[in-house]
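Observations on the three-dimensional arrangement
Residues per chain are reported as follows:
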Amino acid sequence: MLNELGTIHAFSGAHGTGKTTAVFSLAARLKRDLPLARVGIVQEVAGKSPFPINRDTSEKGQLWIFSSQIAAELSAAADFHRVVSDRCAVDAIAYTQVAGFDRLAEGMIALYREHLPLYREIRVLSPRAGLLVPDGMRDVDSAFQQEVHARIVALHRRLGGPVTFDCGAL
């Protein structure tokens, strides 16, 4: 376990934007470039949710996803120098807003502000043709994907942080 928390490189974006592929690419590059650094990965937590996700979500489901994301990132940051995360906690806030749970989203924002300093960088991936495929978890409605993406971008602009927009996959 590290004495200080490591930093997080997060990929942010709606479902089906290439985040998972980008995570593994960046983790490999960080390990190659920083051979003495311990590099860890936080995989997406939404697929492990005991509650419905996407348009069928609930307030409990969104709270579970948000708190699980924060917990996974904190845990990894305690164990690794660099963490590459397949999501950013702000993504859960965006899905919460799209679902219409505005009061919950505002509470999440307050907690997110406390977590934000751990992010070394946040790369926002935009929807691109061919990545939104039916895999049993993703909602393949491109209008829903675009709505979530717009909320993610708006939230990052509102909340600041080390954000780079419209990144392509690595």
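In this report, the structure presented in the accompanying data block is examined. (Residues numbered from 1 in each chain as written. Predicted model: local features only at pLDDT ≥ 70, side-chain atom pairs only at ≥ 80, totals over all residues. Heavy atoms only, no water.)

All right, on to the pairing of strand β3 (residues 82–86) then. Of all 5 residues in β3, 5 are buried, a share of seventy percent or more. Of the two faces of β3, the one lined by R82, V84 and D86 and the one lined by V83 and S85 are each fully buried. Sheet analysis places strand β2 (residues 39–42) next to β3, joined by 4 bridges and oriented parallel. Each residue of the ladder has a partner; that of G40, found in β3, is V83. (Buried < 20%, exposed > 50% of the residue type's maximum accessible area, 1.4 Å probe, protein only. Helix = DSSP H or I, 4+ residues; strand = E, 2+ residues; numbered from the N terminus. Pairing = 2+ DSSP bridges.)

With 14 residues, helix α4 (residues 102–115) should reach 20 Å at 1.5 Å per residue; the first-to-last C-alpha distance of 20 Å fits that figure. Among all positions in α4, only L104, A105, M108, I109, Y112 and H115 are buried. For α4, the buried positions fall inside an angular range of 145° around the axis, keeping them on one side. Turned more than 90 degrees away from the buried face of α4 sit R103, L111 and E114, all of them exposed. The elements touched by buried residues of α4 are β1 (7–12), α2 (59–79), α3 (89–98), β4 (119–125) and α5 (142–159). (Expected span 1.5 Å × (residues − 1). Arc of directions from axis to C-beta. Contact = heavy atoms within 4.5 Å.)

Our next topic: the nonpolar core. Ranked by size, the top nonpolar core spans 37 residues in total, and within it F66, I93, Y112, Y119 and I122 carry the most contacts. Those elements that provide at least two residues to this core are β1, α2, α3, α4, β4 and α5. Here I93 is in contact with F66, A105, M108, I109, Y112 and L155, once residues within four sequence places are set aside. Of all hydrophobic cores here, the second largest spans 9 residues; its members include A22, V23, A27 and V84. (Core = buried A, V, L, I, M, F, W, Y, C linked by side-chain atoms within 4.5 Å.)

Before going further, it helps to spend a moment on the pattern of salt bridges. Side-chain pairs of opposite charge can arise where the charged atoms are in close proximity. The full count for this structure, using the stated rule, is 6 salt bridges. In this structure, R87 engages D91 in a salt bridge whose closest nitrogen and oxygen atoms are separated by 3.0 Å. No difference in accessibility class separates R87 from D91, as the two residues are buried. The partner of R158 in a salt bridge is E106, and the shortest N-O contact between them spans 3.0 Å. Here R158 is found in helix α5, whereas its partner E106 is found in helix α4, with 52 residues between them in sequence. (Salt bridge = Lys/Arg side-chain N within 4 Å of Asp/Glu carboxyl O.)

Right, let's get into the packing of aromatic side chains. A full pass over the atoms with the stated rule returns 2 aromatic pairs. Judged by centre distance (6.1 Å) and plane angle (40°), the rings of Y112 and Y119 are tilted. Residue Y112 shares its accessibility class with Y119, and that shared class is buried. Taking NZ or CZ as reference, R38 lies 5.1 Å from the ring centre of F80, over its face. Here R157 stacks its cationic end above the ring of F165, 4.7 Å away from the centre of that ring. (Phe/Tyr/Trp six-rings, centres within 6.5 Å; stacked < 30°, edge-to-face > 60°. Lys NZ or Arg CZ within 6 Å of the ring centre and 35° of its normal.)

Below, the discussion takes up α2. For the α-helix, the turn length of 3.6 residues means that residues three or four positions removed from each other point alike. The terminal C-alpha atoms of α2 lie 30 Å apart, and with 21 residues this matches the ideal 30 Å at 1.5 Å per residue to within 8%. Buried residues of α2: G61, Q62, I65, F66, S68, Q69, I70, E73, A76, A77 and A78, and no others. Taken together, the buried residues of α2 touch β1, β2, β3, α3, α4 and β4.

A word on the packing of α3 against α5. Direction vectors running N to C along α3 and α5 enclose 125°, while the axes themselves pass 9 Å from each other. Judged by the angle between their axes, α3 and α5 are oblique. Both α3 and α5 take part in a crossing whose hand is right-handed. On the side of α3, the interface is formed by V90, D91, I93, A94, Y95, Q97 and V98, while α5 contributes F144, E147, V148, R151, I152, L155, H156 and L159. (Axes fitted to C-alpha atoms, helices over the stretch in contact; angles between N-to-C directions. Parallel < 35°, antiparallel > 145°, perpendicular 65-115°, else oblique. Left-handed = near helix turned anticlockwise from the far one by under 90°.)

Between α4 and α5, the least distance of the axes is 12 Å, while the angle of their chain directions is 50°. When the axes of α4 and α5 are compared, the pair comes out oblique. The two elements α4 and α5 meet at a crossing, and its hand is right-handed. Side by side, α4 and α5 meet where E106, I109, Y112 and R113 of the first sit next to L155, H156, R158 and L159 of the second. The residue inventory of the contact of α4 with α5, partitioned by class, reads 4 nonpolar, 1 polar and 3 charged. (Nonpolar A, V, L, I, M, F, W, Y, C, P; charged D, E, K, R; others polar.)

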